[in-house]
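# A structural walkthrough
So you can see what is in the structure, the chains are spelled out below.
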Amino acid sequence: MTRYLVRRFLQVIPVLWLVTVISFAIILLVPGDAAIALLPEDALRDEELYQYYRRELGLDRPLPVQYLNWVGKVLQGNLGVSFRNKQPVLEGIAQRLGPTIELSLLSMLVSMGVGLPMGIISAIKPNSKLDAAGTVFVLAGVATPNFWLGIMLILVASVWLRWLPAGGYVPFFDSPLANLKLMIMPAITLGTALAAITMRQTRSALLEVLQQEYITTARAKGLAALVVIIRHALKNAFIPVVTIIGLQMGRLFGGTVIVESVFGIPGIGRLAMDSIFGRDIPMVQGVMLLMGIAVLISNLVTDILYVYLDPRIRYG
Amino acid sequence: MGILVWVVLILMAITADLIAPYDPTALDYGAVLSPPSFAHLLGTDDLGRDVLSNLIHGSRVSLQVGLVSVGLATVLGVLLGLLAGYWGGWADDALMRLVDAFFAFPTLVLALAITAALGPSLSNVMIAVGIVNTPAFARLVRGQVLSVRERDYVIAATVVGVSHGRMLRRHIWPNVTAPLIVQASLNIAGAILSEASLSFLGMGAPPPTPSWGAMLKNGYGFLEQAPWTSFFPGAAIFITVLGLNFLGDGLRMALDPRLWQRGKA
């Protein structure tokens, strides 16, 4: 186990380095260079100002030097300063983290609260009407564009029924009720596709476990069906499900960009989009780096959890 | 259903000029935000443009992005996957770590950043969606090559001195194609969804090119007065993605006899 953990940690290092390279490389894709993005509209042809910004940003130095400078600052916790509002990037990200974490947690709750029971019911009663309904949910959930689902929820729950506010954000500790009212639809929007994936995974994992001989033995011993499922089957079936849930982090982050835009939530996804649109390169680099690191950590934790949950796994 | 959606999408894209009842860019200020009627089967938008005609023409963008970006991802992914899987060693390590790093970024954020950096246009959307899909193909091809490389007939071919080119062409490649076709068909659906997402966020094909994502975004502003302007483009994306996913699953079943037998049992 320790050997595996050490090896797994060592594997992360080169990937983490490449994540910094890709985040940095975004600057290279900008036509011309990043200094142009800084020029005011009325001074786009001001050569002197352009050269000044190039020197300021260090763009006059060789590329490897630029990268090393940037990564050196990142290691000291300095992700640079936003082009748009001159705010330190890390500070900007920290301010927007709360709504995104809340949205992610609530979406995960929807994913597990809907996906797990549906998956279990489908597996216990395969080929039943409930199973068929579950299959339809999976197919529809994966194919539904989340922005469309969000808009349709707004149409029904806000415009027609006037049950919920269409968008905006109130911090949970300012007003828990107002916060939850605002977050229900975004969480459903983001959580539906994840719930479909969780449901599919739970169903197939549980179906496989239920065919194992030890389940037959437990049943033959006269154990109640529910006891067999809860005590014997679910424990093993949840191993691949945990992996799938852990690996949903990337999808979750991608989804926040859209969902936060549709519902006007001032989170990281919205920050990513605003920065990309505003060509705020330091902020884009910072947000991408943060998302990349978060996904890497999530994958690492999932892998470790996987080994912990399944003692049969023996890695070199 | 998958094949039906595929056929309808292709026919719609090819015959858009013939079957669309109106010019998709024609403005009709006398029929602004008209609900569905015989004159406009799916209603009109805020500029009086026919929603059905725009949907029909929008299929071209979806199909184009789906095919071109997945084609690009397939070519790049096959090259990288073959290189990593067949030659192995440091090339394999380096490429696979790069693939892992790409997987660490949410595809939509990466696609957004690439499109924004290159400038929003239909071709840049295709490039961005193609790039973000490449790692999945590279990983798939590499995995297939690795498993085939260890088979007895490949080892035997190596022993008798078969050249690398012939080995790749005759012995490795045929084993890679089936999963590649399945992956490509599933990724076309994903690419169409990505294009719609980028267009919805304002990073897709610039107006007046009709695109389902852009139509939805535009309709969102008139949700209360004209919900049909949001509903129908979203429904078109949903049906297309659903159908293409069906096709992908069907192909997987057809091309993998083990799955087929399991389904039969």
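All residue numbers refer to position in the chain's written sequence, counted from 1. As a convention, the first chain written is A and the first ligand written is 1, with the rest following in written order. Owing to the predicted nature of the model, reporting of local features is limited to residues with pLDDT of at least 70; listing and counting of side-chain atom pairs is limited to 80 or more, with chain, interface and lining totals taken over all residues. Derived side-chain values reflect all non-hydrogen atoms in the structure, with water molecules and hydrogen atoms excluded from consideration.

## Here's the deal with the overall build of chain B
Helical segments are the DSSP runs of H or I of at least four residues, strand segments are the runs of E of at least two, and each set is numbered from the N terminus. The helix and strand tally for chain B stands at eleven helices and zero strands. For chain B, the N- to C-terminal ordering of α and β elements is α-α-α-α-α-α-α-α-α-α-α. With the C-alpha coordinates of chain B rotated into their principal frame, the extents come out at 80 × 45 × 30 Å. By residue count, 53% of the 265 residues in chain B fall in the buried class. Two residues form a contact once any of their heavy atoms are found within 4.5 Å. Relative to all contacts within chain B whose residues are 6 or more apart in sequence, the contacts with residues 24 or more apart total 72%. Using a 1.4 Å probe, the Shrake-Rupley method yields the accessible areas, and only the shown protein chains count as cover for residues. Working note: accessible area of chain B is about 11700 Å², and carbon and sulfur atoms make up 67% of it. Distance between charge centroids for chain B: 17 Å, based on 15 positive and 15 negative side chains. Relative accessible area decides the class of each residue, using a 1.4 Å probe on protein chains only: under 20% of the type maximum gives buried, over 50% gives exposed, and in between gives partly exposed. His residues and chain termini do not enter the charge count, which takes Lys and Arg as positive and Asp and Glu as negative. To locate a charge, take atom NZ for lysine, CZ for arginine, CG for aspartate or CD for glutamate.

## Structural notes on the overall build of chain A
Assigned secondary structure in chain A consists of 13 helices and zero strands. When burial is assessed residue by residue, chain A has 47% of its 316 residues classed as buried. Put simply, of all contacts in chain A between residues at least 6 apart along the chain, 72% involve residues at least 24 apart. Accessible surface for chain A amounts to roughly 15900 Å². Of this, 65% is attributable to carbon and sulfur atoms. When the 26 basic and 19 acidic side-chain charges of chain A are each reduced to a single mean position, those positions are 15 Å apart.

## Considering the side chain of Thr256(A)
All names here are of chain A. Relative to the elements of secondary structure, Thr-256 occurs in helix α11 (residues 249–263). Its relative accessible area of 0% is what places Thr-256 among the buried residues. Apart from the residues within four sequence positions on either side, Thr-256 is in contact with Thr-100, Leu-103, Ser-104, Leu-190, Ser-261 and Gly-269.

## Some details on the packing of aromatic side chains
Between the rings of Phe, Tyr and Trp (Trp by its six-membered ring), a pair exists once the centres lie within 6.5 Å; its type follows the angle of the planes, with under 30 degrees stacked, over 60 edge-to-face, and the other angles tilted. Evaluated as defined, the whole model comprises nine aromatic pairs over all chains. On the numbers, 5.4 Å between centres and 85° between planes, the contact of Phe172(A) with Phe173(A) is edge-to-face. Residue classification places Phe172(A) among the partly exposed positions, given a relative accessible area of 34%. Each residue in the set Trp148(A), Phe231(B), Phe232(B) and Phe238(B) is aromatic and connected to the rest through ring pairs, giving one cluster.

## Here we look at unusual backbone geometry
A negative phi holds for most residues other than glycine; trans holds for most peptide bonds. Going from Pro207(B) to Pro208(B), the amide bond is cis rather than trans, its omega being 10°. Counting through the fold element by element, Pro208(B) comes out in the loop between α8 (164–200) and α9 (212–220). Positive phi, normally seen in glycine, also occurs at Lys86(A), with a value near 60°. Assignment of secondary structure puts Lys86(A) in the loop between α4 (63–75) and α5 (89–124).

## Re the pattern of salt bridges
Residues and elements named next belong to chain A. When a carboxyl oxygen of Asp or Glu lies within 4 Å of a side-chain nitrogen of Lys or Arg, that pair is called a salt bridge. The tally for this structure, following the rule as stated, stands at eleven salt bridges over all chains. Note that Asp-274 is salt-bridged to Arg-270, the shortest N-O span being 3.7 Å. Of this pair, Asp-274 and Arg-270 both sit in helix α12 (residues 268–277), four residues apart, roughly one helical turn. Exposure remark for Asp-274: the relative accessible area of 22% places this residue in the partly exposed category. With a relative accessible area of 28%, Arg-270 lands in the partly exposed category.

## So, the packing of α5(A) against helix α13 (residues 281–309) of chain A
All names here are of chain A. Helix axes are fitted only over the stretch in contact, all axes being lines through C-alpha atoms; the angle between N-to-C directions runs from 0 to 180 degrees. Between α5 and α13, the least distance of the axes is 9 Å, while the angle of their chain directions is 55°. On the basis of the axis angle, α5 is oblique to α13. Note that α5 runs across α13; the crossing there is right-handed. Residues Val-89, Gly-92, Ile-93 and Leu-97 of α5 lie in contact with α13, whose contacting residues are Pro-282, Met-283, Gly-286, Val-287 and Leu-290. By the convention adopted, Pro, Cys, Tyr, Trp, Phe, Met, Ile, Leu, Val and Ala count as nonpolar, Lys, Arg, Asp and Glu as charged, and the other residues, Gly among them, as polar. A class-by-class count of the residues in the contact of α5 with α13 yields seven nonpolar, two polar and no charged. Note on angle classes: values under 35 degrees are labelled roughly parallel, values over 145 roughly antiparallel, values of 65 to 115 roughly perpendicular, and the remainder oblique. Take the far helix as the reference: if the near one is turned anticlockwise from it by less than a right angle, the crossing is left-handed, and if turned clockwise, right-handed.

## A closer look at the domain arrangement of chain A
Residue and element names in this part refer to chain A. In this document the domain limits rely on a domain assignment from an automatic tool or a database. When the domains of chain A are assigned, the result is domain 1 (2–75) and domain 2 (97–314). Centre-to-centre, using C-alpha coordinates, domain 1 lies 33 Å away from domain 2. Taking both sides of the interface into account, the surface hidden between domain 1 and domain 2 amounts to around 1500 Å²; carbon and sulfur atoms contribute 80%. Buried area adds together the accessible area that both of two parts lose upon being put together, with accessible area traced by a 1.4 Å probe. Together, Tyr-4, Arg-8 and Ser-23 form the three largest contributors to the area buried by domain 1 at its contact with domain 2, with a combined 27%. Taken together, the links from domain 1 to domain 2 amount to one salt bridge. Salt-bridge contacts for Arg-8 lead to Asp-303; the nearest nitrogen and oxygen are separated by 2.5 Å.

## Looking at helix α1 (residues 2–29) of chain A
How far a helix is expected to stretch is found by multiplying one less than its residue total by 1.5 Å. Between the first and last C-alpha of α1(A) there are 41 Å, a value that for 28 residues agrees with the 40 Å anticipated at 1.5 Å per step. Where α1(A) is concerned, the buried positions are Tyr4(A), Arg8(A), Val12(A), Val15(A), Leu18(A), Val19(A), Thr20(A), Ile22(A), Ser23(A), Phe24(A), Ile26(A) and Ile27(A). Residues of α1(A) that are buried sit in contact with α2 (34–38), α4 and α13 of chain A together with α4 (89–103) and α5 (107–118) of chain B.

## With respect to the side chain of Gln285(A)
Residues and elements named next belong to chain A. Tracing the chain through its elements places Gln-285 in helix α13. Any N or O atom pair separated by 3.5 Å or less is treated as a polar contact, with the protein-specific requirement of one donor-capable and one acceptor-capable atom, and with residues adjacent in sequence counted only for side-chain atom pairs. Polar side-chain contacts of Gln-285 include one of 3.2 Å to the backbone oxygen of Phe-24. If we skip the residues at most four places from it in the chain, Gln-285 touches Ser-23, Phe-24, Ile-27 and Trp-70.

## Some thoughts on the interface of chain B and chain A
Opposite the 40 residues of chain B that make contact, chain A presents 43 residues. Summed over both partners, the interface of chain B with chain A comes to about 3600 Å²; 84% of that surface belongs to carbon and sulfur atoms. For the pair chain B and chain A, the interface holds one salt bridge. For the salt bridge of Arg162(A) with Glu224(B), the shortest nitrogen-to-oxygen distance reads 3.0 Å. Linking chain B with chain A are four residue pairs in polar contact (both at pLDDT 80 or more), by the criterion used here. Elements with a minimum of two residues in the side of chain B that touches chain A: α4, α5, α8, α9 and α10 (228–255) of chain B. In terms of residues, the side of chain B that touches chain A owes the most to one element, α10(B), which gives ten residues.

## Observations regarding the packing of helix α8 (residues 176–210) of chain A against helix α10 (residues 225–246) of chain A
Residue and element names in this part refer to chain A. Two numbers describe how α8 lies on α10: the axes approach to 8 Å, and their chain directions differ by 140°. Of the possible angle classes, the one that applies to α8 and α10 is oblique. Like other packed secondary-structure pairs, α8 and α10 cross with a definite hand, here right-handed. Residue-level inspection shows Ile-197, Thr-198, Gln-201, Thr-202, Ala-205, Leu-206, Val-209 and Leu-210 of α8 in contact with α10, the latter providing Ile-229, Ala-233, Leu-234, Asn-236, Ala-237, Phe-238, Pro-240, Val-241, Ile-244 and Ile-245. A class-by-class count of the residues in the contact of α8 with α10 yields 14 nonpolar, four polar and no charged.

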